[in-house]
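Now for the letters of each chain:
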Amino acid sequence: MNKLVPPLFAGRHDWLVLAGLLAISLVAWVGHYYDQPVSFRGACKIRIFTDPAQKLVFSGPQAQPIQVNGKIGPATVEWGDGGKIRIVSSACPCKVCVNMGWTDNSSLVCVPNGIIVDPTAAASSEIDAVTR
Amino acid sequence: MADIRTRIFLAIVVLFIVFVSLTREQAQQPFVESRILMDTLITIRAYSDKAAKAVDLGFAAFAEVEKLASFHLPDSELARLNQRGDLAVESSLTPLLKLSADYYALSEGYFDPSFACLQKAYGFYSGVGRLPEQVELNELLQNFCGLDKILRQNGDGFVLASGSLLDLGGIAGGYAIGKAAQALKEAGCTAFLIDDAGDIWFEGQKPDNTPWRIAVLDPRDKTNLALIESRSPLAISTSGDYERFITVAGVRYGHIMNPHSGRPVDYYSSVTLIASEPIAADALSTAVFAMPPEIAFKWVEERNLPVLFLTATGTIHLSSAGRHYFSQVKTE
């Protein structure tokens, strides 16, 4: 009977095989996790379409407002309660981006200054898009 | 010997399961990309192994429409029409001009791209707001507004009345979404969502078989005003006055105009309209936003349109057809 159905991982070195498989799985899972889009890890992302383009990534809300330099001038971004984010000022003429106010679930954009702010910290992956 | 072979087999099976499950999970994640085009932020989410190429083609479609219909690009077809006052009939802008005329007629003049001269008078293009006198507005309305009066088609093309301006911003986004969706499908992508600054089109089945879920933003506190869930293709568009406005003497004025008075309308904070085509949602949400509530509520009922109104006083009104599409509507 023993010869027909050998016991699994019964030998002395089988634990090494099992540990090796777990290690491979762990490495694959970690690699997969960090390969996901930033939004799934609760980060905030600011993209600036200067030449060359810049991408700033924040792992969470910042205590102080940050200033970035866009295509035509500086812009200031600040975080509020619960990971909300807004563009406080920008060197654009119409201030549409400033008028967008606080958000925690949709992108802010300053077209003239070439800046996109993705407040992904509090974004829900259950929502595919926001109409506004 | 059989013992070793069994163990090797089991090890391969375990590794196979690990990699297959990871690969499967990865295939369920959408490919998401955003770009600034047509003076706004466009985002495309696509589920396909050919998503990257398909999304590229989708953005190319937006860029094409921008070259045609941008009000601000000096060498766009629309800018040439505004500058020279005429456009050859074989221009690629012709279909969009004809569609604009159709929606102008359908909306009884409430969707009117010729309001650009009013918006210019108020300073929307310069960023320096001003309040024109009623005499000035009356002259603009009488001589330079009304798409049926100021844009004529003859054998050679279109002729725009001298001094008039067209801004296709209320329809070009929907038109571009339609073109981008076509490009995505032709590239083999069957499930995708296109978000043109809140004007949305989605179609196809997501890999996890869940419905598409779209939140309607409450402009007052930036929470959710309502939710739209659907597995069928839908076009959703919201018109509001809370992002594009001028401020004069501390008072905010939105960019959508009343076709009779020439003044910015202030009936609603937002109007969200659902349609079966992106261009219809885009143009009609703008038109309905310009209508006073006593006209708008009746107008959308007669056409069985699903619409969610948030009035300027904070009242929420849902059309009869809207009850089938909007859920979790905020209580006032």
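Everything numeric here is computed off the predicted structure, so don't read it as measured data.

Let's talk about the overall build of chain A
At step 1: Across its full length, chain A carries two helices and eight strands.
At step 2: Counting helices and strands in the order they occur from the N terminus, chain A gives α-β-β-β-β-β-α-β-β-β.
At step 3: Buried residues in chain A amount to 41% of all 132 residues.

What about the packing of aromatic side chains?
All names here are of chain B.
At step 1: In the structure shown here, the tally under the stated rule is seven aromatic pairs over all chains.
At step 2: Between Y47 and W212, the aromatic rings sit 5.9 Å apart at their centres with planes inclined by 65 degrees, giving edge-to-face as the arrangement. A residue pair is termed long-range when its members are at least 10 positions apart, and Y47 in strand β2 (residues 40–47) and W212 in strand β8 (residues 212–217) qualify at 165 residues.
At step 3: Judged by relative accessible area, Y47 falls into the buried class, the value being 11%.

So, the pairing of strand β7 (residues 115–118) of chain A
Residue and element names in this part refer to chain A.
At step 1: Residue alternation in β7 divides its side chains into two sets, I115 and V117 and I116 and D118, and both sets are buried.
At step 2: Across three bridges, strand β6 (residues 108–110) lies against β7 in antiparallel orientation. The residue bridging C110 from the neighbouring strand is I115, located in β7.
At step 3: Between β6 and the antiparallel strand that follows it, β7, lie four residues; G114 among them carries a positive phi value of about 65 degrees.

Here we look at the packing of helix α4 (residues 94–106) of chain B against helix α9 (residues 278–290) of chain B
Residue and element names in this part refer to chain B.
At step 1: Interaxial distance between α4 and α9 falls to 10 Å at its minimum, and their mutual angle equals 50 degrees. Between α4 and α9, the interaxial angle falls into the category oblique. For the element pair α4 and α9, the recorded crossing hand is right-handed. Together, L96, L99, Y103 and L106 of α4 and I279, A280, A283 and L284 of α9 make up the contact between the two elements.

Considerations on the sheet that holds strand β3 (residues 66–69) of chain A
All names here are of chain A.
At step 1: An order of β3-β4-β5 is seen for the three strands of this open sheet, with the pairing classed as antiparallel. Each edge of the open sheet carries a strand with a single partner, namely β3 and β5 (85–90). The average angle at which neighbouring strand axes cross in this sheet is 30 degrees, direction not considered.

What about the interface of chain A and chain B?
At step 1: On the side of chain B, 47 residues touch chain A, which itself brings 41 residues to the contact.
At step 2: Summing the contributions of chain A and of chain B, the shared interface buries around 3,600 Å²; its carbon and sulfur component is 58%.
At step 3: Our enumeration of links across chain A and chain B arrives at two salt bridges.
At step 4: Between A:D128 and B:R45 there is a salt bridge, with the nearest N and O atoms lying 3.8 Å from each other.
At step 5: There are seven residue pairs in polar contact (both at pLDDT 80 or more) connecting chain A and chain B.
At step 6: Broken down by element, the residue count for the side of chain A that touches chain B peaks at seven residues, all from helix α1 (residues 14–34) of chain A.
At step 7: Its residues assigned to classes, the side of chain A that touches chain B shows 23 nonpolar, 10 polar and eight charged.

Regarding unusual backbone geometry
At step 1: In this model, B:D39 sits at a positive phi of 60 degrees, which is unusual for a non-glycine residue.
At step 2: Residue classification places B:D39 among the partly exposed positions, given a relative accessible area of 42%.

Basis of the calculations
- Residues numbered from 1 in each chain as written.
- Chains lettered and ligands numbered in written order.
- Predicted model: local features only at pLDDT ≥ 70, side-chain atom pairs only at ≥ 80, totals over all residues.
- Heavy atoms only, no water.
- Helix = DSSP H or I, 4+ residues; strand = E, 2+ residues; numbered from the N terminus.
- Buried < 20%, exposed > 50% of the residue type's maximum accessible area, 1.4 Å probe, protein only.
- Phe/Tyr/Trp six-rings, centres within 6.5 Å; stacked < 30°, edge-to-face > 60°.
- Pairing = 2+ DSSP bridges.
- Axes fitted to C-alpha atoms, helices over the stretch in contact; angles between N-to-C directions.
- Parallel < 35°, antiparallel > 145°, perpendicular 65-115°, else oblique.
- Left-handed = near helix turned anticlockwise from the far one by under 90°.
- Contact = heavy atoms within 4.5 Å.
- Buried area = accessible area lost by both parts, 1.4 Å probe.
- Salt bridge = Lys/Arg side-chain N within 4 Å of Asp/Glu carboxyl O.
- Polar contact = N/O pair within 3.5 Å; in protein donor to acceptor, adjacent residues only side chain to side chain.
- Nonpolar A, V, L, I, M, F, W, Y, C, P; charged D, E, K, R; others polar.

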